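Structural description and commentary
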Amino acid sequence: MNKVKHVLGISGGKDSAALAIYLHEKYPQIDFTYYYTDTGKELDETYQLLENIEIYLGKKIEHLVAHDAKESSENPFDFFYKSFRGYVPSPTARWCTNMMKLQPFERFVGDETPTVSYVGIRGDEDREGYISKKDNIQSIFPFRKNMWSEDVLHKLFNPKNQSVVLDYYNSVFKGAKLDKVVELLNSEITFERHQRLATERQIKHKLNGLMDLGVIDFNHATFQFLKGTEYPLSFEDDYALLDNEDVLIRDDVFRILRESGVGIPAYYNKIEYEVDGQKGEYARSRSGCFFCFFQQKIEWIWLYEQHPDKFKEAMTYENAKEGFTWNQYESLKDLIEPERIRQIKLDHLKRTNSKKSDDSPYLLDILDDTEGDGCTACFI
Ligand code: SF4
């Protein structure tokens, strides 16, 4: 029998840290392997968080470094940056995530071992996580009401697989509830490539309908279906998370971090600034490389004022390549002109003041609208 490996990637962000704590507490019977994919360009606060989590879990977090960069004296980012002859990553050419996060992870898992990968996307988010193309890796999202990945749902709701799903429901439901299941399973579905949006809508309809009849039953039905597939969970006799109905949102994540003593990553803490006699507060909204191109202008200003050495380091990449800027249309040199800083802070203040209803102490909550941008492999 193949032994299933259960892995959890700690990104340095709040959600994956909280997920590690939550699963460790709730499912001590599962032997989790924790890993961290290092770019060499994180803030010190990230390494502090990793240390705190290791102490809490009483277990090492494996630091994965991209294979090619292992023998190099350079950090992984600079190794690839130089290998690509000074080609800097961007939202449209994200070699950084691919080379330094996804590939090391897939190499670490290998091609054989059935592996369940736990992802900290929360119940209050509406996005999909990274789903590996490798057959031996399956993603599970324990913080969401629906813990299954999109690829599983596509197969589950394919009419040719529905008899297995129905078999399960036939054994536990009767009468009107069973009729409702049949109705949902028989509702329209298309898998035409050019009708992707319709497919998603139809899957959502079936999924929500079945989950409304009972999340635990839906999980068991899905598990029964998986038993007839090659998915990693098909190698498990039972799976403790099937009986989990928890849905965890942002406040839960902060609570878990606080109550465990691991603490909230220090870069989320608000710091006061003053502009034109008015007071505002800024912080960083996500983990990842300190020069990540997904960050907002106010976060660049935070970096400049709170970690000037890192900001200077980010500038060296712009200075090395004519025309390159981390931000669209604006160089870091221009960004830190006093008048520009003033303007960015005033804009930020205006935005945050218009979200008065928010009483959370974290800037992240204020930056709600942008949190979804970027990379699920880097920021969760
Ligand atoms: S944090 Fe940003 S720059 Fe770093 S690897 Fe992720 S996407 Fe790339």
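Let us look at the structure shown here. (Residues numbered from 1 in each chain as written. Predicted model: local features only at pLDDT ≥ 70, side-chain atom pairs only at ≥ 80, totals over all residues.)

**Focus on the site of the ligand**
Close to the ligand lie 12 residues; C96, G288, C289, C292 and C378 are nearest. The element that contributes the greatest number of residues to the shell around the ligand is helix α4 (residues 95–109), accounting for three residues. Considering only residue class, the shell around the ligand consists of eight nonpolar, three polar and one charged. Looking at the shell around the ligand, you find at least three residues from each of domain 1 (5–148 + 245–260) and domain 3 (268–379). (Near = placed C-beta within 6 Å. Helix = DSSP H or I, 4+ residues; strand = E, 2+ residues; numbered from the N terminus. Nonpolar A, V, L, I, M, F, W, Y, C, P; charged D, E, K, R; others polar. Domains from an automatic or database assignment.)

**Concerning the packing of helix α11 (residues 297–306) against helix α14 (residues 338–353)**
As a packed pair, α11 and α14 sit with axes 9 Å apart at the nearest point and diverge in direction by 125°. Taken together, the axes of α11 and α14 are oblique relative to one another. Viewed along their axes, α11 and α14 form a crossing whose handedness is left-handed. Of α14, the residues touching α11 (which contributes K297, I298 and I301) are I341, I344, K345 and H348. Here the residues of the contact of α11 with α14 sort into four nonpolar, one polar and two charged. (Axes fitted to C-alpha atoms, helices over the stretch in contact; angles between N-to-C directions. Parallel < 35°, antiparallel > 145°, perpendicular 65-115°, else oblique. Left-handed = near helix turned anticlockwise from the far one by under 90°. Contact = placed C-beta atoms within 7 Å.)

**Brief notes about the nonpolar core**
I10, A17, A18, L19 and A20 are the most contacted members of the largest nonpolar core, which has 52 residues in total. Of all the elements, helix α1 (residues 14–26) adds the most residues to this core, at seven residues. Excluding anything up to four places from it in sequence, A17 contacts I10, L49, I53, L257 and V262. Within the second largest apolar cluster, 27 residues are counted, among which are A69, F80, Y282 and A283. (Core = buried A, V, L, I, M, F, W, Y, C linked by C-beta atoms within 7 Å. Buried ≥ 20, exposed ≤ 12 C-beta atoms within 10 Å, placed from the backbone.)

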